[in-house]
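The residues making up each chain are set out below.
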Amino acid sequence: MSIENRVIVPLDVNTEAEALRLLDTLPDVGWWKVGLELFVSCGPKLLSELQHRQKQIFLDLKFHDIPNTMAGACGAASAYGVDLITVHATAGRNALKLAKAASSEKAPGDKQPKIIAVTLLTSLSSRDLAFDLKVPLELPEYALQMAILAQESGLDGAVCSPQEAAQLRQVCGNDFTLVCPGVRPQWAEGGDQKRCMTPKDAIAAGADYLVIGRPITAAADPVAAWERICEELASL
Ligand SMILES: O=C(O)c1cc(=O)[nH]c(=O)n1[C@@H]1O[C@H](COP(=O)(O)O)[C@@H](O)[C@H]1O
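Bear in mind that the values here come from a model prediction, so they are computed numbers and not experimental data. (Residues numbered from 1 in each chain as written. Predicted model: local features only at pLDDT ≥ 70, side-chain atom pairs only at ≥ 80, totals over all residues. Heavy atoms only, no water.)

Chemist: Which parts of the structure should I look at to understand the site of the ligand?
Modeler: Around the ligand lies a shell of 17 residues, among which D12, T122, R184, Q193 and R214 are the nearest. Within the backbone of G213, an N or O atom sits 2.8 Å from an oxygen atom of the ligand. Compared with its free state, where it exposes 510 Å², the ligand has 90% of that area covered by protein. The element contributing the most residues to the shell around the ligand is strand β3 (residues 56-63), with three residues. Of the residues belonging to the shell around the ligand, the class tally is eight nonpolar, three polar and six charged. (Near = heavy atom within 4 Å. Polar contact = N/O pair within 3.5 Å; in protein donor to acceptor, adjacent residues only side chain to side chain. Areas by Shrake-Rupley, 256 points an atom, 1.4 Å probe, with all protein chains shown as cover. Helix = DSSP H or I, 4+ residues; strand = E, 2+ residues; numbered from the N terminus. Nonpolar A, V, L, I, M, F, W, Y, C, P; charged D, E, K, R; others polar.)

Chemist: What exactly am I supposed to notice about the pattern of salt bridges here?
Modeler: A side chain with one charge can pair with a side chain of the opposite charge if their charged atoms come near. On inspection of all chains with the given rule, the structure shows 13 salt bridges. A salt bridge links D24 to R53; the shortest N-O distance between them is 2.8 Å. One end of the pair, D24, is in helix α1 (residues 16-25); the other, R53, is in the loop between α3 (45-52) and β3, with 29 residues separating them in the sequence. A salt bridge links R93 to E152, with the shortest nitrogen-to-oxygen separation between them at 2.9 Å. Of this pair, R93 sits in helix α5 (residues 93-106) while E152 sits in helix α7 (residues 141-152); the two residues are 59 residues apart in sequence, bridging distant segments of the chain. For R93, a relative accessible area of 39% translates into the label partly exposed. Each member of the salt-bridge network shares a partner with another, and the members are D24, E49 and R53. (Salt bridge = Lys/Arg side-chain N within 4 Å of Asp/Glu carboxyl O. Buried < 20%, exposed > 50% of the residue type's maximum accessible area, 1.4 Å probe, protein only.)

So, in structure tokens, the structure goes:
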């Protein structure tokens, strides 16, 4: 897989026109993410557009609900024929197992998506984990435990900060897909992301895919930002 095919760009916009503008501006991007903002605003129609353009699709709706609802939602999401789908690991073992089973059942035969579990959002710091969420585990241990739960439940991978990628890779092995948001080139602003690394360091730590949004999409020149990231990664 070429290195630029390991970068997923989110379509974090709320109109079809803005989404299409991004697709037209960045024709070399092979992987796009449709998340809550675009899906809630526009529904699934951008998924067909991405398929028409032969792009790979990360449908990031981060399901977190009781097992029966998780199964229904994950099955319905899988029927779109996308490549990656997110759930929250904290939905628990039974919900994760049923979500995966429903996905396998409802996905088009030739298009089984990977179901991956969010371990701990990259916008949360270890301080937030301890003081707000009252979780008595530290990082990376908490993220690792969530990844192990996902793996034991039959999921295909996890979403984690690149800061935890090395540990997850070591414990969960090479077949477990690690998708890392919270990626910031040195020249980009962190914004609301708290557990960040540069693209190069994130790949070196063991990430399979990097999710990089605003450093590209909010740049004055998105094409130049995309190319700069690809160049930095190519020098690995
Ligand atoms: O599941 C995700 O993709 C996700 C998980 C997470 O822990 N942190 C996180 O930032 N994301 C997503 O990754 C993208 C990051 O965007 P930027 O912060 O603009 O690079 C957003 O679309 C988030 O919804």
